[in-house]
Amino acid sequence: MGKRYDKLSQEDRAFIDAQHLFFIASACNGGEVNLSPRGYNCFRVTGDNEAVFMDYAGSGNRTARDIEAGGEVTLLFVSFEKQPLNLRLFCKGELIDKHDDYARSLFEGSDFSGMRRFVKLHIYCVEHSCGMSVPYYEFKGERNDLREWCQDSDEEGRLEGYMQKNHIPPDLRKYKK
């Protein structure tokens, strides 16, 4: 059984800052659970119970759809090196415009090409579990494929249309079985 806390500790923040990858899961209205990996240096803890991440264009828009519909969001940070740990953040999300000055200031010097929006997370529970069965993996670097695709699509004038076309609305009736 994991240990649960009502806010992030300094150790949690340091652990999150050291990770190159996190997983985000979301669901709403009894729909299927969406689970996606996220890379890049796109996550910032902004308080004991708050964080912001950059949401890049991708194959879908499921996390935003679930947030728009009032759904839940869970993030998982995993130690693949050193001391084992799984750190989960249970949250409610808030979508923030990609031009928001405060959010952009958190990521000063970042490449915002292909970013759909920022997602602000209101953390209501932090959970630690052992992670002792997670294998060791070595970080070898970031893939630039998504950034390059976004830049090329933006230069060709296709990116905005792609993001609008692939926006999945919060009406989940068509997704339920």
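Refer to the structure printed above.
Just so it is clear, the model here is predicted, and its values are computed rather than measured. (Residues numbered from 1 in each chain as written. Predicted model: local features only at pLDDT ≥ 70, side-chain atom pairs only at ≥ 80, totals over all residues. Heavy atoms only, no water.)

Novice: Describe the pattern of salt bridges, with residues and values.
Specialist: For the structure on display, the rule yields 10 salt bridges. Arginine 4 is the partner of glutamate 127 in a salt bridge, and the nearest nitrogen-oxygen pair spans 3.1 Å. With a gap of 123 residues between them, glutamate 127 in strand S8 (residues 115–129) and arginine 4 in strand S1 (residues 3–5) connect regions that are remote in the sequence. Taking the relative accessible area as the measure of exposure, glutamate 127 reaches 12% and is therefore buried. (Salt bridge = Lys/Arg side-chain N within 4 Å of Asp/Glu carboxyl O. Helix = DSSP H or I, 4+ residues; strand = E, 2+ residues; numbered from the N terminus. Buried < 20%, exposed > 50% of the residue type's maximum accessible area, 1.4 Å probe, protein only.)

Novice: Describe in detail helix H1 (residues 10–18), supporting the description with residues and values.
Specialist: All buried positions along H1 are accounted for by Asp12, Arg13, Phe15 and Ile16. Viewed along the axis of H1, the buried residues span an arc of 160°, placing them on a single side of the element. Within H1, the exposed residues directed more than 90 degrees away from the buried face are Gln10, Glu11 and Asp17. Contacts made by the buried residues of H1 are with strand S4 (43–47), strand S6 (72–78), strand S7 (86–97) and S8. (Arc of directions from axis to C-beta. Contact = heavy atoms within 4.5 Å.)

Novice: Any details on the packing of aromatic side chains? Residues and values, ideally.
Specialist: Scanning the entire structure with this criterion turns up 8 aromatic pairs. Ring geometry for phenylalanine 22 and phenylalanine 53: centres 5.8 Å apart, planes at 70°, overall edge-to-face. On the criterion of sequence distance, the pair formed by phenylalanine 22 in strand S2 (residues 22–27) and phenylalanine 53 in strand S5 (residues 50–56) is long-range, its members being 31 residues apart. Neither residue differs from the other here; phenylalanine 22 and phenylalanine 53 are each classed as buried. Summarising the aromatic geometry, the rings of phenylalanine 43 and phenylalanine 77 are spaced 5.1 Å apart at their centres and angled 70° between planes, so their arrangement reads as edge-to-face. Of this pair, phenylalanine 43 sits in strand S4 while phenylalanine 77 sits in strand S6, and the two are 34 residues apart along the sequence. On the accessibility criterion, phenylalanine 77 (1% relative accessible area) is buried. (Phe/Tyr/Trp six-rings, centres within 6.5 Å; stacked < 30°, edge-to-face > 60°.)

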